[in-house]
Amino acid sequence: MKRTAISALIVSAIALGATAAYAAAVPQQQQQQQNNQTPKGWNYELRNGQRVPKGNRVTNSDGSWREELKQGNCVTVKQKSANGEYKETRQCNPS
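Each chain has its residues counted from 1, running along the sequence as written. Per-residue local features are limited, in this predicted model, to residues with pLDDT of at least 70; the limit for side-chain atom pairs, both in listing and counting, is 80 or more; totals at the level of whole chains, interfaces and linings are taken over all residues. Side-chain metrics rest on all non-hydrogen atoms present in the structure, leaving aside hydrogens and water.

Student: Residue-level account of the state of the cysteines, with values.
Tutor: Structurally, a disulfide amounts to a covalent bond that connects the sulfur atoms of two cysteines. Defined by distance alone, a disulfide is two cysteine sulfur atoms within 2.5 Å. Summed over the entire model, instances satisfying the criterion amount to one disulfide. With a sulfur-sulfur separation of 1.9 Å, Cys74 is cross-linked through a disulfide to Cys92. Across the disulfide from Cys74 to Cys92, rotation about the S-S bond amounts to roughly 105 degrees, and the bridge is consequently right-handed. Of this pair, Cys74 sits in strand β5 (residues 74-80) while Cys92 sits in strand β6 (residues 86-92); the two residues are 18 residues apart in sequence, bridging distant segments of the chain. We count a stretch as a helix when DSSP gives it H or I for four or more residues in a row; a strand needs E for two or more, and each element gets its number in order from the N terminus.

Structure (structure tokens):
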């Protein structure tokens, strides 16, 4: 009887430890998802659990940048000049 009680205590201690370890791991995963950090080399970002295509942005030394974003047959080009002018164009090719 004593041996069974000791075995039950050991099993329950292991289960309690496993539960605590799992509970500690879940917030870390949620925190990583909230940071919206996508690994390098991926062509999309994760926002609210959804895949959002990531554009190819080229930044110049004067602070201007140009970003191309492809979605299906359409290409959206976003540009911002050094003096702050923002321009966005979208072109769709049906092919």
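Student: Please give an account of the packing of aromatic side chains that cites residues and values.
Tutor: Any two aromatic rings considered together are summarised by their centre-to-centre distance and by the angle between their planes. Aromatic rings from Phe, Tyr and Trp, with only the six-membered ring used for Trp, were paired whenever their centres fell within 6.5 Å, and each pair was classed as stacked if the ring planes differed by under 30 degrees, edge-to-face if by over 60, and tilted otherwise. In total, this model carries one aromatic pair according to the counting rule given. Look at Trp65 and Tyr86: their rings are 6.3 Å apart centre to centre, the planes differ by 55 degrees, and that puts the pair in the tilted class. With Trp65 in strand β4 (residues 65-71) and Tyr86 in strand β6, this pair connects stretches of sequence that are 21 residues apart. Only protein chains enter the area calculation, which uses a 1.4 Å probe; residues under 20% of their type maximum are buried, those over 50% are exposed, and those in between are partly exposed. Trp65 sits in the buried class, given a relative accessible area of 16%.

Student: Kindly report on a nonpolar patch on the surface, identifying the contributing residues and their values.
Tutor: On the surface, a nonpolar cluster with roughly 300 Å² of combined accessible area is contributed by Ile6, Ile10 and Ile14. Here Ile10 shows up in helix α1 (residues 2-34). Overall, Ile10 belongs to the partly exposed group, its relative accessible area being 48%. Each patch is assembled from residues with relative accessible area greater than 30% and no salt bridge, linking like charges that lie within 9 Å and nonpolar side chains (Val, Leu, Ile, Met, Phe, Trp, Tyr) that lie within 5 Å. Only the protein chains shown count as covering a residue, and every accessible area follows the Shrake-Rupley method with a 1.4 Å probe. In what follows, salt bridge is the name for a side-chain nitrogen of Lys or Arg lying within 4 Å of a carboxyl oxygen of Asp or Glu.

Student: I'd like a description of the pairing of strand β2 (residues 50-53), backed by residues and values.
Tutor: Of the strand pairs in this sheet, strand β1 (residues 44-47) and β2 are connected by four bridges, and their pairing is antiparallel. Directly across from Tyr44, in β2, lies its bridge partner Pro53. Count of turn residues in the β1/β2 antiparallel hairpin: two residues, of which Asn48 carries a positive phi of about 55 degrees. When DSSP finds at least two bridges between two strands, those strands are taken to pair.

Student: Account for the side chain of Thr76, naming residues and giving values.
Tutor: Mapped onto the elements, Thr76 comes out in strand β5. There is a polar contact of 3.0 Å between the side chain of Thr76 and the side chain of Arg90. N or O atoms closer than or at 3.5 Å make up a polar contact, with two conditions inside protein: a donor-capable atom paired with an acceptor-capable one, and, for residues adjacent in sequence, both atoms drawn from side chains.

Student: Describe the sheet that holds strand β3 (residues 56-59), listing the residues and the values that go with them.
Tutor: By way of backbone hydrogen bonds, the strands of a sheet pair with one another, either parallel or antiparallel. In space, the four strands of this open sheet follow the order β3-β4-β5-β6, with antiparallel pairing throughout. Each edge of the sheet is formed by a strand with only one pairing partner; in this case those strands are β3 and β6. In this sheet, adjacent strand axes meet at a mean angle of 10 degrees when their direction is disregarded. Where β3 and β4 come together, four bridges link them in antiparallel fashion. Within the sheet, the bridge partner assigned to Val58 lies in β4 and is Arg66. In this description, a line fitted to the C-alpha atoms serves as the axis of each element, helices being fitted only across the stretch in contact, and the angle between N-to-C directions of two axes falls anywhere from 0 to 180 degrees.

Student: Tell me about the pairing of β6, and name the residues and values.
Tutor: Bridge count between β5 and β6: seven bridges; the pairing is antiparallel. The residue of β6 that forms the bridge with Gln79 is Lys87. Joining the antiparallel neighbours β5 and β6 is a turn of five residues, in which Gly84 adopts a positive phi near 100 degrees.

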